[in-house]
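One letter stands for each residue in the lines below.
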Amino acid sequence: MKQSNCPNPWAKPLFFTSRWSLIGFTCLSLLSFPNTIFAEEYGNSISYQEEIEINGRIVNKNGSPVAGVSITVKGKSISTSTNSTGNFTLKVPRNSVLVITSMGYQPIEHLVLNSNPINLTLSESNEELDEVVVIGYGTQSRKETTGSLTSLKGDEVANLPVQSFDASLAGRSSGVQVNTSAGVLNQAPVFKIRGTNSLSLSTYPLVVIDGVPAFNDNDDSGPSYAAANPLSAINPADIESIDIAKDAAATSIYGSRAANGVVFITTKKGKRGNAKVNYEGWLGYTTANRLPELLNASQYVEIKNEALMNDGTYNENTNYYGLSKDANGNTIDTRWYDYIYQTGTSHSHNINISGATEKTTYYGSAAYTDQQGIFQKNGFNRKSAMFNIDNTTTDWLKLGVKLNYVNENNLAAMATASGGSGGFQSSSSSGAMARIALISAPIIGPYNNDGSFNVTSNGFLGLMDNTGHLNQSRLGFYNPVISLLNNYSNNTGNNVQSNAYVQIKPLSWITYKSVYGIDYRNVDYNNYSSPITGEGLGSNGSASSVSSKRQRWVWTNTLTMDKNYDKHSFNLLLGQEQQRTTGSMFGLERTGQTDPYYSNIQGGWQNVFDYRTDNQEINNYLFSLFSRFQYDYEKKYFFTANLRQDEYSALGLNNKKGVFWGISGGWDLAKESFWSSSSLGQKINAFKLRSSFGKVGNVGGLSDFGAINTYSAILYGGQPGLTYSVTGNPDLKWETSKKFDVGVDFALFNSAITGEIGYYKNSIDGLIFAVPLPPSAGVPNGTANSILQNVGEMFNSGLEFTLSGAPIKKENFGWNSSFNLTTNHNEVVTLANGVPSIISGTLDGMTITLPGESAGMLYAIETAVLIQKLAVEFLLMVMGRRCFINRVLPERMM
Amino acid sequence: MANNNLRKMKSSKSIILCATGLTLLFSSCKKEEWLNPQPKTLITDVTAFSTPERILSQVNGLYASMKTTSYLGSWYTIISDVRTGEFHCSNMNAATGSTMYSMLPQTTTTDVNDIWVALYASINKINVFLDNMDNGGDAVLDAAVANNYRAEARLIRGMTYYYLLQFYARPYWDGNGSKPGLPLRLTGNTGPGNYDLARSSVADTYKQVLADLDFAEQNLPSNYSSAFLNTTRAHKNSAIALKTRVYLSMRDYAKVVTEANKLVPATAPFIASSGVGNKLEANFADIFKSPYSSNESIFSMPFTNNDAPGSALSRYYLPGTGDGGTATSNGAGEYSLNKVEGIYSSPLWVDSDARKSLTKIGTKTGKAWLTKFNQASPYIDYAPVIRYSEVLLNLSEALARTTNTVDARSLAFLNAVYGRSNQGSSLSASSFANVNAYLNRIIEERRIEFVGEGIRNGDIMRLGLTIPAKSQHAIAAVPTDDPAYILPIPSNELILNNLMENN
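The shown structure was predicted, so the numbers you read here are calculated from the model rather than taken from an experiment. (Residues numbered from 1 in each chain as written. Chains lettered and ligands numbered in written order. Predicted model: local features only at pLDDT ≥ 70, side-chain atom pairs only at ≥ 80, totals over all residues.)

A. Up close: the interface of chain B and chain A. Counting from both sides, the interface comprises 82 residues of chain B and, opposite them, 72 residues of chain A. For the side of chain B that touches chain A, the secondary-structure elements that each account for two or more residues are helix H1 (2–29), helix H2 (31–35), strand S1 (42–44), helix H3 (52–66), helix H5 (98–101), helix H6 (110–134) and helix H17 (491–496) of chain B. For the side of chain B that touches chain A, the element with the most residues is H6(B), which contributes nine residues. Among the residues forming the side of chain B that touches chain A, the class breakdown is 34 nonpolar, 36 polar and 12 charged. Here strand S31 (residues 710–716) of chain A pairs with S1(B) via three bridges, running antiparallel. The residue bridging Tyr711(A) from the neighbouring strand is Ile43(B), located in S1(B). (Contact = placed C-beta atoms within 7 Å. Helix = DSSP H or I, 4+ residues; strand = E, 2+ residues; numbered from the N terminus. Nonpolar A, V, L, I, M, F, W, Y, C, P; charged D, E, K, R; others polar. Pairing = 2+ DSSP bridges.)

Next up, the structure:
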C-alpha cells in the first residue's frame, strides 16, 4: 500500500473562491442571499464602537506556527484565523476579549488592550479525553459523556483495501465484533456490538450518517452473484469520524432502533484556513491464502478406488478411477484453484479540496476505486463525489448542505459460495466457486484433448479417460471455465445521500435546528447465463434483470437549550423526527436465447417471465418524539436522561407505539480536590466513573406488511388467483432491550496512557421471532408455519477493557498503540411456549438455539464412534444440494 | 437604525419559525396514513371476500396451492414414481430426490418435510377459505355458486388428505384402517395458538376424504364453459373419478364399481353419460400435448410460462441435448426409465405399443428416457391428476376382484386401454391362467399406462407389494414391514406438535 498525503502548496484563496461561487450558484443560491444582506446590516449596527487593528502570531510549545487557529471576539461575530505562518490580523473593538481555539489545543482567552502584536503560545490538550464525540442530535466533549462510546478517526479506515467502512472496524473497539467474509468483495461483514442481540431480527447496529439513518440491511446482493453492501455508498475516505455508541446512555436517544448499538458517521468538513487540495491513493494486491491442500491426481485415484473397495463396488474392469492423459500424453493433474482464484489488483484514488473562511466551511471530494477479488471475475468499482458546505450566515443563522453521490458496480460471473443470500450464494449450489475449487477431480481438466470443453450434457465436468470404466456420470459440478468465460451476474448501484439544514439561534442559549436528509438507493441487477454453461443449460440460456429502488427521507427538528447557572450546567434537547422509506422492485427473466450473440435482457429470447417482482413493495414510516436532559455540576458530576417515543408502521395494529428511555450518571473523581492532591492523583490524572441504565428497542429487519394477514396474487394455469400468504400478528411490538452499563475512564501519567474498563449487561425480552408452529397447522408465511411473536428472553453480559498509549510523542514522529479486550456471554433464557429449540439455517449451516445456552450453536457429529455411518452421510452431503447431515448428536461446539 | 435592523431580524426569525411550525403541522396530517400503509401488492384479509371475482380468484388460488413445487407441480408426483423402481437415478443427488430413491427417508429429510408442509399448507388455505365463506364471505355470491366453490375446496382438501395417506400412513389393509392416519385439520388457522393435534386413524382419515369428495360430488357443477376449465377445475365427474381411486386404495371394490359405473356405461363406447363427456382420447400421445384438455384428462394441473412448475416432470425425465434431447424437448435427465427392474423392460410393453413411442434411447448414454412430458424449459406440460383410463382400469380391477373371475366387462375396459395403444390387438380371457394372472396383467397395464404420472406408489401401497430393489445402485428391496416402506413424520411436526407420533 502506498499513500501520499500532502497539502497543496499552490492552492490560493482565489482558486477556492471562484470554485465556491460556481457551486454556490448552482446549488446554494438561496444561501448567498441572507449571507450578504444580514452580515452587512449587522456589521453596520456595531460600528459605533472604537475599533483598533490588531495582529499577532500563534505558535505551539515548540515555537512552530499553528495555522487555522480560530480567533473570535467574545460575544461578537468578529473572527478570523491564522494563516500558514501562524499570523493573523483583525479589527476589533478596544477592550475586546479574544477567544483562541484550535483543534487539539486548549482554548485561551486574551484581553486586547492595544494594538501591539499579540503573540500567544497554545498548549496541547489531552487528546483522548478532550475530543468531541457525536451523541445523536448533537455532540459532546468526551469528558462530559456518561455513555460508552468509542471514537475512531476516519483516517484510520480510509486507507484499508475495503469496500465499506464497516469492514475495517474489526478489532478497533472493545465490544465490537466485525467478521469479514471469505474474500468476496463488498460483502457486508457480520457486525455486532456487545453480542447477539436478536434471534430473528437484524443484529446490525443502526448506522447514522450525518444525522440520516442509512440503509444497513447489510445485504443488498439481491438476485445477483455479486455481493453488495449498502454501506459501500459512502467512500471511507470521506469519513471524518466514526463514533460507536454501545450502552443505553449513548444509544437510547435512538429508541426503537438502538438495541444493536448505534454507529455515527460524520463526513469531512472544511477546516479553518486556506484551501487545501489533498490526494490519497493506494494500490494493493489480494490473494487467497490458507487454501486447504488437496490430493493430486495419483493420490486422488488411490483414495477414490479405496472408497469404491470399501463400498464393495470396485471392479478393476468396469468400475474404477484412473488417470487421464492430455493431448501430449502427459498425465492430467489439474489444480482447480488456478481456475477459480486469482491475484486481485486494487487501487483507489481520492482527491479532495477543503477549507474555510470565517463564515463558510467547505469540503468537496471525488474518488474512484477499482478492486478485484480473489475469485475470478469478482470485482468492485466505485465513483463517488461529495460536497459539504456550512455557512454561518449571521450570528443567529447557520445553513449547510451535503451532497454525496456514489455509483458502484459489483461484478461476478459465478456464485462464490459465500453464503448470505439464499440460493444465490449457497455454498451447496452446483456453480459455487469455492465448492468447485475443492471437489472437482484433479484427474480431469476443463478442456478435452481436442480443445473442446470437458462437459456433460448437464453442464457438469465429464469423465475424460474414465469414460467406460467408471460408474459415475461426472467428476465434478459445473465446468467453471465455461461459466467464467460466458456468464455475468452484476449489480450497479446509484446512491444519493444528501441533507440540508438550517440552524437558528433566536436567543444565545436556544438553538433550533431542522435537518432534512435523503438517502436514495437504486440498484439494477443484471444476470446472464449462457446456454452452454451449467447455469444456463436447462433454460437454453437466460438473462434476468431486476430494478430495485428505495427512497428514504428523514426530517429532524430539534430545539436545544443550553443554560449555565453558576456551577450548574443544563442542556435540554427536544426533538421530533420522521423517517419514511418507500420503494419497489421489478424484474424480468427471459430464456431461450435465439442467437448466441445476445447476452442481455434486451436481446432475442423465446420466453419472458416475471422475476422477483412478488410483493416487493417497500413502505414504512417512523414517527418519533424525543428529549434529552443533561446536567452537570462543576463538570464533576454528570447526569443525563433520554426519552423517546417511536411509532412504527410495520408493527402490529395494537402496538405501533413504544416509549424508550435511558438514564446515566458520571463522576469525574479527578476533579475532586482530594484526588488531585493525593499522590495517586499525581499519576492518575483522569478518573471518571459512569453508569447507565435504559430500555431500548429493535425493529430492524421487520417486513413492512408482516404484521397483517394478507393474500397475494398467484396464477393458476394463467387464470387469476389469490392465495392466503402471510399470517400477521396484530400484537407484534418492539423487541425490548434493557441495558445496564458501569465503567471507568482513566488517564495515567499526564494522559500518556488512557483506558477504559466497563461491565455491561443487556437483557432482551419480547424477542421477536418467527415462532414455529406444527407444519400440519399449515400457517402460511415467508418461513412457513411460523408467526412473528414477541416471546423469549436472552441476555448478553461482558467486560470491556481498552488501553491506549502514546509511548513516543515527538513533533515529527508519533507512535500510538491501543489494545482492547472484550468478553461476552450470551445466553438464551427462554424461548416460546412449546418450542424446545429453534433450528435454523440453510444447507450451508444449521444452528440450534436452546434455553440456557448461547444462541446459534452448532451440533457436531461424533466422528470417532460412527465412522462408517459418517462416510455415508458425508457422501450424501457432498453429492446432494438439499441433503444435510441427519443425525443430531449432543456433542456441542461453540 | 439599529432598532430597525433589530426588528427586521426578529421578524425574519419569526417568519422562519412560523414556516417551520406550519410544515410540521402539515406533516402530521399524513402521519396516520403513513403509519398504516396499505400494501399495493397484497390484498388484506379485510377485503379478500369483497367481490365475486376476488372469491373466484381465491378458488383458483386453492388449486394453485395444489400445484406448488412440492405437491403436484410436481415433486409429489416425481417422488411417487422414483421410489417404486420404475426409474433409474442419473446423478444420485439428494437435491433431486436420491434419498427417497434410495429408500432412506428420515424425519429430517428435506423431501419428507417439504411434501408434508406443502400439502398441509394447501389444507389450511382451504380451511381458511371455508371458514370465511361460512362467516359471511359468501354474501356477495349466489348460494349455488358459493356451494360450487365450497365443493371445489373440499375436493382439493379430500384429495390432499388422500395424497398424504399414501406417503405418511400405513396402507388401509394393514389392520383394516386402524393404524395411525393423519392429524385431521378442518378449521382454518390464522394466528398464534396451540396447534397440538393427534393423528386420527387411517380409517377415520379416509372417512374424511370421502366426506369431502361426497360433498364435492353433490355440489360441484356438471361442467364448465370450456374444455380448459373442464380439465383444470373440479366438476362432478372429477369427484366421482377420484372416489374410484380412493375406494380402490381402501380395497372397497364394490364401492369402486358403484362409483365408476356412474362414469362408465355398461357397453362401449365408454363415454361418461353425464356432465363432461369424459372418454378415452383416440391417440395416446395427444393427451400430453397442448392444449392438454381432451376429455380423457378429467383433472390436470395446468401450467403457463408465468406459473411454470417448480419441479417439472419434463425437466426430470427428459434427456439433455447431449443425450437425445432436442431444442424444443430437453430436460435435465435426472431420471431415466429403469431398464432392470422397471416396467420398461417388461416383455408386456412391446415396442409397437404407442406408449413406447413416448420413450427414447439416449444417443450418448443408451439410457431409456420417458418423453411423455416433452416440452423443454419452461416445462409447461400439464401434470395429469386423474385420467379416464384410470377410471376404466380401476373399474376393470374392481370387477375382477368382486367377481373373482376374468369378468367380460372388466376385460372390455382393459382392452379399451390396451387396444388404444396397440391398435388391432386385444387380450383374450383365455390367455390368463387364473384370475390372479389376470389381475397382475391389469396392474402391469397400469404401470405401462401411467408411468411418470405418480400412480405407482399408491398401487404398491394398496396392493401390499414389496418396493423393488434398484440393483444398479445396490438399493435393496423394501418389504411391507420395513420402516422405510412409508415415510416418517417430519421432525418439525414431531417436535412442535406434542400429540404427534412417528410412524
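B. Spotlight on helix H13 (residues 388–403) of chain B. For H13(B), with 16 residues, the first-to-last C-alpha span of 22 Å sits near the 22 Å given by 1.5 Å per residue. Where burial is concerned, most of H13(B) is hidden: 14 out of the 16 residues are buried. (Expected span 1.5 Å × (residues − 1). Buried ≥ 20, exposed ≤ 12 C-beta atoms within 10 Å, placed from the backbone.)

C. Looking closely at the sheet that holds strand S32 (residues 719–726) of chain A. Read from one edge of the open sheet, three strands run S32(A)-S31(A)-S1(B), paired in antiparallel fashion. Of all the strands in the sheet, just S32 of chain A together with S1 of chain B have a single pairing partner and so form its edges. Sheet twist, expressed as the average angle between the axes of neighbouring strands with direction ignored, equals 45°. (Axes fitted to C-alpha atoms, helices over the stretch in contact; angles between N-to-C directions.)

D. Looking closely at the packing of helix H10 (residues 236–249) of chain B against helix H11 (residues 253–263) of chain B. Residue and element names in this part refer to chain B. It is at 8 Å that the axes of H10 and H11 come closest, and there the two elements cross at 155°. The orientation of H10 with respect to H11, classified from their angle, is roughly antiparallel. Here the hand of the crossing between H10 and H11 comes out left-handed. Residues Asn237, Ile240, Ala241, Lys243, Thr244, Tyr247 and Leu248 of H10 form the contact with H11, whose own contacting residues are Lys255, Val256, Glu259, Ala260, Lys262 and Leu263. Of the residues assigned to the contact of H10 with H11, the class counts are seven nonpolar, two polar and four charged. (Parallel < 35°, antiparallel > 145°, perpendicular 65-115°, else oblique. Left-handed = near helix turned anticlockwise from the far one by under 90°.)

E. Up close: the nonpolar core. One finds Tyr168(B), Leu392(B) and Leu395(B) to be the most contacted residues of the largest nonpolar core, which totals 217 residues. The dominant element in this core, judged by the number of residues it contributes, is H6(B), at 14 residues. Those residues within four positions of Leu392(B) in sequence are excluded, and the remaining contacts are Val264(B), Phe270(B), Phe413(B), Ala416(B) and Val417(B). Residues Ala228(A), Phe380(A), Ile436(A) and Tyr528(A) belong to the second largest nonpolar core, which totals 49 residues. (Core = buried A, V, L, I, M, F, W, Y, C linked by C-beta atoms within 7 Å.)

F. Looking closely at the environment of Arg170(B). All names here are of chain B. The topology assignment puts Arg170 in the loop between helix H7 (143–168) and helix H8 (202–219). Residue class for Arg170 comes out buried when judged on the 20 C-beta atoms lying within 10 Å of it. Remark: the alpha-carbon pair of Arg170 and His473, spanning 303 residues in sequence, is separated by 26 Å. Once residues lying within four places of it in the same chain are set aside, the contact partners of Arg170 are Lys179, Val202 and Ile486.

G. Summary view of helix H16 (residues 456–463) of chain B. All buried positions along H16(B) are accounted for by Arg456(B), Asn457(B), Gly458(B), Ile460(B) and Met461(B). Backbone geometry just downstream of H16(B) places Gly464(B) in the positive-phi region, at approximately 70°.

H. How the structure looks around the packing of H11(B) against H13(B). All names here are of chain B. Running from N to C, H11 and H13 point in directions that differ by 140°, and their axes come no closer than 9 Å. Judged by the inter-axis angle, H11 sits oblique to H13. Between H11 and H13 the crossing geometry is left-handed. Where H11 approaches H13, its residues Tyr253, Ala254, Val256, Val257, Ala260 and Leu263 are matched on the opposing element by Val391, Asn394, Leu395, Ala398, Leu399, Arg401 and Thr402.

I. Structural detail: the pairing of strand S27 (residues 617–633) of chain A. All names here are of chain A. Note: strand S25 (residues 568–593) against S27, 17 bridges, orientation antiparallel. Considered in S27, the bridge of Gly583 is made with Ile618. The pairing of S27 with strand S28 (residues 637–648) spans 12 bridges and is antiparallel. The residue bridging Arg628 from the neighbouring strand is Asn642, located in S28. Adjacent in sequence and paired antiparallel, S27 and S28 are bridged by three residues, among which Glu634 carries a positive phi angle near 55°.

J. Region of the structure containing unusual backbone geometry. The omega angle of the peptide bond from Gly73(B) to Ser74(B) is -5°, so this bond is cis rather than trans. Here Ser74(B) lies in the loop between H3 and helix H4 (75–82). Here Asn186(A), not a glycine, exhibits a phi torsion of approximately 60°, which is positive. Tracing the chain through its elements places Asn186(A) in the loop between strand S11 (176–179) and strand S12 (190–193).

K. Representation of the confidence of the model for chain B in the model. Averaged over all residues, the pLDDT of chain B is 93; the fraction at 70 or higher stands at 94%. On the interface metric, ipTM, the complex scores 0.92, and its pTM is 0.81. (pLDDT = per-residue confidence, 0-100.)

L. Up close: the sheet that holds strand S14 (residues 212–213) of chain A. All names here are of chain A. Reading across from one edge, S10-S15-S16-S13-S14 is the order of the five strands in this open sheet, with mixed pairing throughout. Edge positions in the sheet fall to strand S10 (149–153) and S14, since each of these pairs with one other strand and no more. Where strand S13 (residues 206–209) and strand S16 (residues 262–267) come together, four bridges link them in parallel fashion. Bridging across to S16, Leu206 finds its partner in Val262.

M. Geometry of the environment of Ala707(A). All names here are of chain A. Locating Ala707 in the fold gives a position in the loop between strand S30 (684–698) and S31. When the 25 C-beta atoms within 10 Å are taken as the criterion, Ala707 is described as buried. For Ala707 and Gly652, which are 55 residues apart along the polypeptide, the C-alpha to C-alpha distance reads 5.1 Å. For Ala707, the residues in contact, after removing those within four places along its chain, are Ala650, Leu651, Gly652, Gly728, Asn729, Pro730 and Leu732.

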